[in-house]
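# An overview of the molecular structure
Residues per chain, in single letters:
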Amino acid sequence: MQIDVHAHVFNADDLPIRGFLRHRGVPEALAELVEEIIQSSTDPGFRAGLAAPMAATVSDAELLEAILARRPDLRAALRGQLLPPTVPGVQTLALIEWPALVYRFVSWARLLTKSHVEIAARLMSTYSKIDLFPPLMMDIGDWVGEQPPTSVPDQIAGMGQLIARPEIAGRMHPFVAFDPLRNDGLALVRGAISSGFIGVKLYPPLGYRPIGNAGPNGATIDQRLEDLYAFCEAEDVPIVAHCTRHGAEVDHHGIFADPDHWRPVLERHRSLRLDLAHFGSMEELLGPPYDDTPDPWPPKIVALMGDFSNVYVDVSYFDEIADRDAAAACMQKLATLYASNPAIARRVMYGSDWHMIMWAPAVDDYYRNFVAAYGPQFPSGLADFLGGNAERFLGLIAGAKAVQRLHVYYERNNFTKPAWLAGLSPA
Ligand SMILES: [Zn+2]
């Protein structure tokens with residue numbers, strides 16, 4: 001069984017897009033372009049003027065031209081922010097000559113205007129070898145001061161309907177987002193976990209530490225997090241936590257995702273299953289000449305993996321995998337780690353971070369590139385990397401609570417069990 005442990009199917013109604021892009025550090029003009037595209041998809045006047053701009057037959061370049069024709073200020077801002085002033089004739093450079101980066105954001109923004117059904121179909125067809133995607137939800141509204149068009153409880157209900165569709169059933173079991181600023185955060189988690197969701201997503205860079213929070217809300221946040229960890233440990237529910245010092249960070253709180261902050265949590269909850277997503281930064285794992293961050297995080301995670309048997313990582317959003325040299329350097333690093341502690345080879349999970357990774361080039365080849373690099377280096381470990389490790393992380397083991405919950409979920413709803421579940425006894 002092959003699993004992409006880190007993917008997303010959210011659309012423009014699920015996220016406060018402006019706040020999200022601002023905190024991700026996307027250039028202002030590019031963020032505005034994304035918003036224009038999303039807005040134009042729901043603006044009937046604009047649609048009429050462009051003959052259904054969101055239709056598949058309209059190319060990204062045509063859509064871009066239509067938007068910039070009515071927003072000359074945005075055209076100038078994009079030129080100013082994204083084209084190096086040394087490019088000759090930059091002021092009149094044809095759209096087609098603009099950096100590929102602009103087109104990647106156009107195509108991502110167009111995807112965000114689609115329904116969840118269409119986005120899920122794109123994910124499944126992009127990585128057709130993958131058997132199971134656990135899409136991760138986000139709940140950032142309270143932190144960026146802007147709520148998404150669809151409330152998070154409604155998003156949870158919508159996800160429930162999405163994964164029940166016949167073409168999706170058995171291929172997706174989502175991670176529900178937990179926001180410690182919510183009164184009812186744990187209630188939302190409990191409801192989701194009993195309705196086909198498979199885990200919980202945390203995002204400390206929004207502004208909270210995994211535990212040990214200060215400030216007026218600190219004790220409340222800690223108590224809510226502690227209750228969540230106790231629930232997840234008792235019910236055998238895995239947690240994915242964003243773990244790089246950048247991301248959708250608010251007020252430079254990326255540092256709150258520091259792996260060291262997880263140690264006191266794991267000491268209290270030794271069997272908690274935790275994926276420190278992105279391995280603390282795959283670039284930091286590579287080190288020089290690719291990265292020169294002082295005090296890199298991957299060694300801290302490796303120490304946690306040595307001390308706690310349920311700490312995992314995923315390799316999502318490592319777009320450098322498309323680069324032959326970076327891919328080789330990455331495999332060398334992993335080989336050294338595995339040699340120092342063979343248990344680590346059973347904790348590193350494949351993940352893409354699609355569709356966020358559409359901001360980077362060569363997205364469609366992400367899976368292929370990883371297989372091409374990992375397979376020859378670790379022929380006997382490839383199956384673990386692509387699925388076996390994630391099966392253990394997700395608790396897809398005969399007799400485990402996750403398997404019992406999924407059997408109940410499929411039986412209660414009269415859904416046909418997927419082969420991977422039918423083969424796992426609930427007892
Ligand atoms: Zn992600």
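About the criteria used
Within each chain, residues carry numbers counting from 1 in the order of the written sequence. For a predicted model such as this one, the threshold for reporting local features is a pLDDT of at least 70, and the threshold for listing and counting side-chain atom pairs is 80 or more; totals across whole chains, interfaces and linings nevertheless cover every residue. With C-beta atoms placed from the backbone, a residue is labelled by how many other C-beta atoms lie within 10 Å of its own: buried for 20 or more, exposed for 12 or fewer, partly exposed between the two. A run of H or I in DSSP counts as a helix once it spans at least four residues, and a run of E counts as a strand once it spans at least two, with each numbered from the N terminus. The directions considered for the arc run from the helix axis to the C-beta atoms. Boundaries between domains were set according to an automatic or database domain assignment. The contact criterion used here is simple: two residues whose C-beta atoms, placed from the backbone, lie within 7 Å are in contact. Under the scheme applied, nonpolar residues are Ala, Val, Leu, Ile, Met, Phe, Trp, Tyr, Cys and Pro; charged residues are Asp, Glu, Lys and Arg; polar residues are all the others, including Gly. Two strands are said to pair when DSSP picks up at least two bridges between them. By the criterion used throughout, a crossover qualifies as right-handed when its path from the first strand across the helix to the second strand runs clockwise, the strands pointing away from the viewer. Axes, fitted as lines to C-alpha atoms, cover a helix only where it is in contact. Angles between the N-to-C directions of the axes lie from 0 to 180 degrees. Roughly parallel covers angles under 35 degrees, roughly antiparallel covers those over 145, roughly perpendicular covers 65 to 115, and oblique covers all other angles. Note on convention: near helix rotated counterclockwise from far helix by under a right angle means a left-handed crossing. Clockwise means right-handed.

Within helix H14 (residues 298–307), the full set of buried residues consists of Pro298, Ile301, Val302, Leu304 and Met305. With its buried residues spanning 160° around the axis, H14 presents them on a single face.

Here we take up the domain arrangement of the protein chain. Taken as a whole, the protein chain is organised into domain 1 (43–112) and domain 2 (116–401). The C-alpha centroid of domain 2 is placed 33 Å from the C-alpha centroid of domain 1. If you look at the interface, domain 1 gives six residues, while domain 2 gives six residues. Of the residues that constitute the side of domain 1 that touches domain 2, the class distribution is four nonpolar, one polar and one charged.

So, on to the pairing of strand E3 (residues 239–242). Taking every second residue as pointing to the same face, both faces of E3 are buried, with Ile239 and Ala241 on one and Val240 and His242 on the other. Bridge analysis of strand E2 (residues 199–202) against E3 gives three bridges, and the strand direction is parallel. If you follow Lys201 over to E3, its bridge partner there is Val240. The parallel pair E2 and E3, bridged by helix H11 (residues 218–235), forms a crossover whose chirality is right-handed. When E3 meets strand E4 (residues 274–277), the two strands line up parallel, connected through four bridges. Paired with Ile239 across the two strands is Leu274, which belongs to E4.

Moving on, we get to the packing of helix H10 (residues 185–193) against H11. One can describe the packing of H10 onto H11 by two numbers: an axis separation of 10 Å at closest approach and a directional angle of 20°. Considering the angle they form, H10 stands roughly parallel to H11. Crossing of H10 against H11: the hand is right-handed. For the pair H10 and H11, contact is made by Gly185, Leu186, Val189 and Ile193 and by Arg224, Asp227, Leu228, Phe231 and Glu235, respectively. Residues of the contact of H10 with H11, tallied by class, amount to five nonpolar, one polar and three charged.

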